[in-house]
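Structure at a glance
What follows is the residue order along each chain.
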Amino acid sequence: MAETDRTVNVGLIGLGTVGGGVAKVMARHRDEYRSAYGIDVRIKRACALEEERARELGFEGDAFTQNWQDIVSDPDIDIVVELIGGEHPATEIFEGALGSGKHVVSANKALLGRHVERLAGIAAEHGVQIRCEASAGGGIPIVNALEHALVGNEVLTVAGILNGTTNYILSRMDAEGLDFAEVLADAQRLGYAEADPTADVDGFDAASKVAILSSIAFHTRVTTDDVFMEGIRDVSAADIAEARSMGYVVKLLGIARNTADGVDVRVHPTMLPADHMLAGVNGAMNAVYVVGDAVGETMFYGAGAGSFPTASAVVGDILALADAISHNDHVQAEIKPFGRVLPLKSIEDLSTKYYIRLAVEDRVGALAPVVDVFARHQISISQISQLADADEGRCSVVFLTHKASERDVAAARTELESLDVVERVASVIRIEDVEAWSEGAEANE
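As the structure is a prediction and not an experimental result, all values here were calculated from the model.

Quick look at helix α10 (residues 204–218)
An ideal rise of 1.5 Å per residue puts 21 Å on 15 residues; α10 measures up with 21 Å between its terminal C-alpha atoms. Burial within α10 is extensive, with 14 of its 15 residues counted as buried. Just past α10, the residue H219 takes up positive phi, approximately 55 degrees.

Now the structure itself:
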């Protein structure tokens, strides 16, 4: 058995899906951690609202509290694990724990995506760390990879499927030809989507994660509020089928690129070439694709949510801290961010190809004013096709553009919506230039 100097005490706040998983994993493997790594770590106290849930997980008497302040103020606790999510009282938990000289482990992407700079400053001031592997990608060890394994690279691109709910919905729409509302209702019934799916389907969840990952990858401040966000509510079965016919797959991607014009960071439905690695990630799975100038293309794949996959990441962070504490070694304080603050590239300056589907009057000459709008806004059309439409007197027309600026496409969209012949602009989906993701990477010799 490996030697250990002392027991590391953990305070666990939140015993929901992830917190319960953490409690079970740590109880199951405590003897193994001690024998294999010389780390004696235990959950000294847990906090939850439901006492019955705590008893189910083995927390009774002094080992359980309904007041998170009892954990933050406990002088024997070395590491506080915050798994309740949201901004409050999570912010106060972070502030109290860090201010008391306790390390914090969290999966709270909503809080960290907006306030990591201030919280990391508090941690640095008090000589402790914040660890957040589970905040972006669930069980995928992407934070550790960016902070350690890939640190020898200049990271050029981070792009990923960062939300399992939306990936499940889009995958089923693709496989079964169903529309968004139908699949969403089924996903809610099966527990893949929340009763209020806004954070997932409108892109907020993915935006928080890509903000965290781009901040780490590019060593600069990026917050959730800096991320352009567009969800999947307007993506239809017709769009997905048409994309397939053209050799594309539709995914909700979080994309971050460190360009000469600034950090390009966005979340939106994207058409990817069907042979790209990310295009084959289906169901509720997540994947993060990273391009470094030296390593080239890499991809990290796994479960982005769930009790045990996310608990795996949380416990990994706990053990990374507990290893040094258990052996009475110094734990390096959080590095105060950020060494630089890079400019952000506006979504209006994006240049890419576009898929635009219009519902228009089905009559001779109806497309003439439409084409004129595109021409006036410097948008070159590469392909026009008409889709079958069940409504008499109306048809769906798809336009594929050559590269155009987001600014010009947005202006054209506004004008198209005002045309008498256009009933509505049904879909505008960006076609991602995946070749650009590797610009600046060294040739593999």
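Observations concerning the environment of G440
Structurally, the position occupied by G440 is in the segment after β17 (422–431). The class for G440 is exposed, based on a relative accessible area of 56%. C-alpha of G440 to C-alpha of T259: the two residues are 181 residues apart in sequence and 9.7 Å apart in space. Sequence-distant contacts of G440, defined by excluding residues within four places in its chain, comprise L156 and D293.

Some points on helix α1 (residues 17–37)
Along α1, the sharpest change in direction is near 55 degrees and occurs at H29. If you check which residues of α1 are buried, you get V18, G19, G20, G21, V22, A23, V25, M26, Y33 and R34. Summarising the contacts, the buried residues of α1 are in contact with β1 (7–13), β2 (40–47), α2 (51–56) and α12 (307–326). One or two residues past the end of α1 sits G38, with phi positive at roughly 70 degrees.

A few points about the domain arrangement of the protein chain
Note: interface size is frequently given as the accessible area lost on complex formation between the parts. Per the domain assignment, the segments of the protein chain are domain 1 (8–139 + 307–326), domain 2 (142–303) and domain 3 (347–433). Of note, the centres of domain 1 and domain 3, computed from C-alpha atoms alone, are 50 Å apart.

So, empty space enclosed by the protein
Inspection of the entire model under this criterion finds 1 cavity of 30 Å³ or more. If you add up the space inside the largest cavity, you get close to 30 Å³. Residue lining of the largest cavity: L146, L150, V151, N153, V155, I216, A217 and H219, and that is the complete set. Per-class residue counts for the lining of the largest cavity are 6 nonpolar, 2 polar and no charged.

Some remarks on the pattern of salt bridges
Considering all chains together, one arrives at 32 salt bridges under this definition. With a closest N to O distance of 3.2 Å, R221 and E117 form a salt bridge. Of this pair, R221 sits in the loop between α10 and β8 (228–229) while E117 sits in helix α5 (residues 109–125), and the two are 104 residues apart along the sequence. What makes R221 partly exposed here is its relative accessible area of 31%. Look at E117 and you get partly exposed, because its relative accessible area is 28%. Linked by salt bridges that have partners in common, R30, D31, R34 and D40 make up one network.

Focus: the packing of aromatic side chains
For the structure on display, the rule yields 3 aromatic pairs. Ring geometry for Y168 against Y192: centres 4.2 Å apart, planes inclined by 20 degrees, an arrangement best described as stacked. With a gap of 24 residues between them, Y168 in helix α7 (residues 164–176) and Y192 in the loop between α8 (180–190) and α9 (198–201) connect regions that are remote in the sequence. Given the relative accessible area of 39%, Y192 is considered partly exposed. Taken together, a centroid distance of 5.4 Å and an interplanar angle of 50 degrees make the contact between Y289 and W437 tilted. Of this pair, Y289 sits in strand β11 (residues 285–292) while W437 is found in the segment after β17, placing the two residues 148 residues apart along the sequence. For W437, a relative accessible area of 0% gives the class buried.

Things to note about a negative patch on the surface
Judged by side-chain charge, E3, D5, D323 and D329 come together as a negatively charged surface patch. Relative to the helices and strands, E3 is located in the segment before β1. In this structure E3 comes out as exposed when scored by relative accessible area, which is 69%.

Some details on the environment of A256
Positionally, A256 belongs in strand β9 (residues 248–259). For A256 and V370, which are 114 residues apart along the polypeptide, the C-alpha to C-alpha distance reads 33 Å. Those residues in contact with A256 that lie beyond four places of it in its chain are L156, T157, V158, V210, S214, F218, D264 and V265.

A few points about the layout of surface pockets
Of the volumes computed, that of the largest pocket is approximately 1100 Å³. Around the largest pocket, the lining is made up of 40 residues, and of these K109, E194, D200, D205 and A305 lie nearest the centre. Counting only elements with at least two residues in the lining of the largest pocket, the list comes to α1, α5, α7, α9 and α10. With 4 residues, the single largest contributor to the lining of the largest pocket is α10. Tallied by class, the residues present in the lining of the largest pocket amount to 14 nonpolar, 18 polar and 8 charged. There are two domains that each give the lining of the largest pocket at least three residues, and those are domain 1 (8–139 + 307–326) and domain 2 (142–303). Roughly 890 Å³ of volume is contained in the second largest pocket. Every residue lining the second largest pocket is counted, 35 residues in all, and those nearest its centre are I130, E147, I216, E334 and I335.

Looking at the sheet that holds strand β6 (residues 130–131)
The sheet built from 6 strands is open, its strands ordered β3-β2-β1-β4-β5-β6 with parallel pairing. This sheet does not close on itself; its edge strands, each paired only once, are β3 (64–65) and β6. Judged from the 4 bridges that link them, β1 and strand β4 (residues 79–82) form a sheet pairing that is parallel. For G11, the partnering residue across the bridge sits in β4 and is V80. Along the sheet, helix α4 (residues 90–99) makes contact with β1, β4, β5 (103–106) and β6, crossing β4 at roughly 175 degrees.

Cut-offs applied
Residues numbered from 1 in each chain as written. Predicted model: local features only at pLDDT ≥ 70, side-chain atom pairs only at ≥ 80, totals over all residues. Heavy atoms only, no water. Helix = DSSP H or I, 4+ residues; strand = E, 2+ residues; numbered from the N terminus. Expected span 1.5 Å × (residues − 1). Buried < 20%, exposed > 50% of the residue type's maximum accessible area, 1.4 Å probe, protein only. Contact = heavy atoms within 4.5 Å. Bend = angle between axes of the 7 residues up to and from the residue. Domains from an automatic or database assignment. 1 Å grid on protein atoms, 1.4 Å probe; cavity = no way out; pocket = protein on both sides within 12 Å on 5 of 7 lines; lining within 4 Å. Points joined across faces, edges and corners; volume = space filled by probe spheres on them. Nonpolar A, V, L, I, M, F, W, Y, C, P; charged D, E, K, R; others polar. Salt bridge = Lys/Arg side-chain N within 4 Å of Asp/Glu carboxyl O. Phe/Tyr/Trp six-rings, centres within 6.5 Å; stacked < 30°, edge-to-face > 60°. Patch = residues over 30% accessible without salt bridge, like charges linked within 9 Å, V, L, I, M, F, W, Y side chains within 5 Å. Areas by Shrake-Rupley, 256 points an atom, 1.4 Å probe, with all protein chains shown as cover. Lys, Arg positive; Asp, Glu negative; His and termini not counted. Charge placed at Lys NZ, Arg CZ, Asp CG, Glu CD. Pairing = 2+ DSSP bridges. Axes fitted to C-alpha atoms, helices over the stretch in contact; angles between N-to-C directions.

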